[in-house]
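Single-letter residue listing:
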Amino acid sequence: MKFIPVLIAGLVASAGVMAAGSRTATLDVTKMDCAVCPITVRKALEKVPGVETAKVDFKTKRAVVAFDPAKTSPEALTRATADAGFPSSVGSVK
Ligand SMILES: [Cu+2]
């Protein structure tokens with residue numbers, strides 16, 4: 001049964017590709033100045049095709065966005081917040 005390790009290696013490799021499908025961008029949204037602002041920012045982010053989840057924290061002034069890199073980009077995310085009145089910059093992408 002020589003082929004089984006090859007099969008397992010193949011499965012592990014394809015699982016790795018699936019995990020890499022989604023990325024997480026952290027955006028700095030400095031202009032938020034009240035508790036309603038994060039809701040506006042979150043709604044703007046959730047409207048972007050390819051965004052899976054968006055969490056916006058008022059205290060840290062950060063948005064953490066999970067997205068599909070095949071459908072959108074960190075640049076499109078910052079554009080969406082800017083269009084909603086909140087310019088942002090990309091802190092990190094994982
Ligand atoms: Cu506000």
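An unreviewed UniProt entry lists the protein under the name Periplasmic mercury ion-binding protein, from Pseudaquabacterium pictum. Per UniProt, the protein has the following entry under Function (unreviewed entry): "Involved in mercury resistance. Acts as a mercury scavenger that specifically binds to a mercuric ion in the periplasm and probably passes it to the cytoplasmic mercuric reductase MerA via the mercuric transport protein MerT."

A short note on the coordination of the copper ion
With distances of 2.0 to 2.1 Å, the protein atoms coordinating the copper ion are Cys34 (SG) and Cys37 (SG). Residue Cys34 is classed as partly exposed on the basis of its relative accessible area, which comes to 34%.

Topic: the nonpolar core
The biggest cluster of nonpolar side chains holds 17 residues, and the ones touching the most others in it are Leu27, Leu45, Val65 and Leu77. Not counting chain neighbours up to four residues away, the residues in contact with Leu77 comprise Ala25, Leu27, Leu45, Val48, Val51, Val65, Phe67 and Thr72.

So, the environment of Glu52
Tracing the backbone shows Glu52 in strand β2 (residues 51–57). Under the relative-accessibility criterion, Glu52 is labelled partly exposed at 44%. In this structure the C-alpha to C-alpha distance between Glu52 and Thr24, which are 28 residues apart in sequence, comes to 9.6 Å. Excluding its chain neighbours within four sequence positions, the residues that come into contact with Glu52 are Ser22, Ala66, Phe67 and Asp68.

Quick notes on the side chain of Ser88
For Ser88, the position within the fold is in the loop between α3 (74–83) and β4 (89–93). A polar atom in the side chain of Ser88 sits 2.7 Å from the side chain of Thr81. Once you skip the residues sitting within four places of it in the chain, Ser88 turns out to touch Leu27, Asp28, Val29, Thr78 and Thr81.

So, the pairing of strand β3 (residues 62–67)
Pairing of strand β1 (residues 23–28) with β3 involves six bridges; the strand directions are antiparallel. Pairing of Thr24 across the sheet is with Ala66, part of β3. Of the pairings in the sheet, the one linking β2 to β3 comprises six bridges and is antiparallel in character. Note on β3: the bridge partner recorded for Lys55 is Val64.

Considering the pairing of β1
Both β1 and β4 contribute to a ladder of four bridges, which runs antiparallel. Looking at β4, one finds that Ala25 is bridged to Val93.

What counts, and at which threshold
Residues numbered from 1 in each chain as written. Predicted model: local features only at pLDDT ≥ 70, side-chain atom pairs only at ≥ 80, totals over all residues. Heavy atoms only, no water. UniProt positions renumbered as here; feature names shortened; annotations may be inferred. Donors = N, O, S within 2.8 Å, 3.2 Å for Na, K, Ca; no water. Buried < 20%, exposed > 50% of the residue type's maximum accessible area, 1.4 Å probe, protein only. Core = buried A, V, L, I, M, F, W, Y, C linked by side-chain atoms within 4.5 Å. Contact = heavy atoms within 4.5 Å. Helix = DSSP H or I, 4+ residues; strand = E, 2+ residues; numbered from the N terminus. Polar contact = N/O pair within 3.5 Å; in protein donor to acceptor, adjacent residues only side chain to side chain. Pairing = 2+ DSSP bridges.

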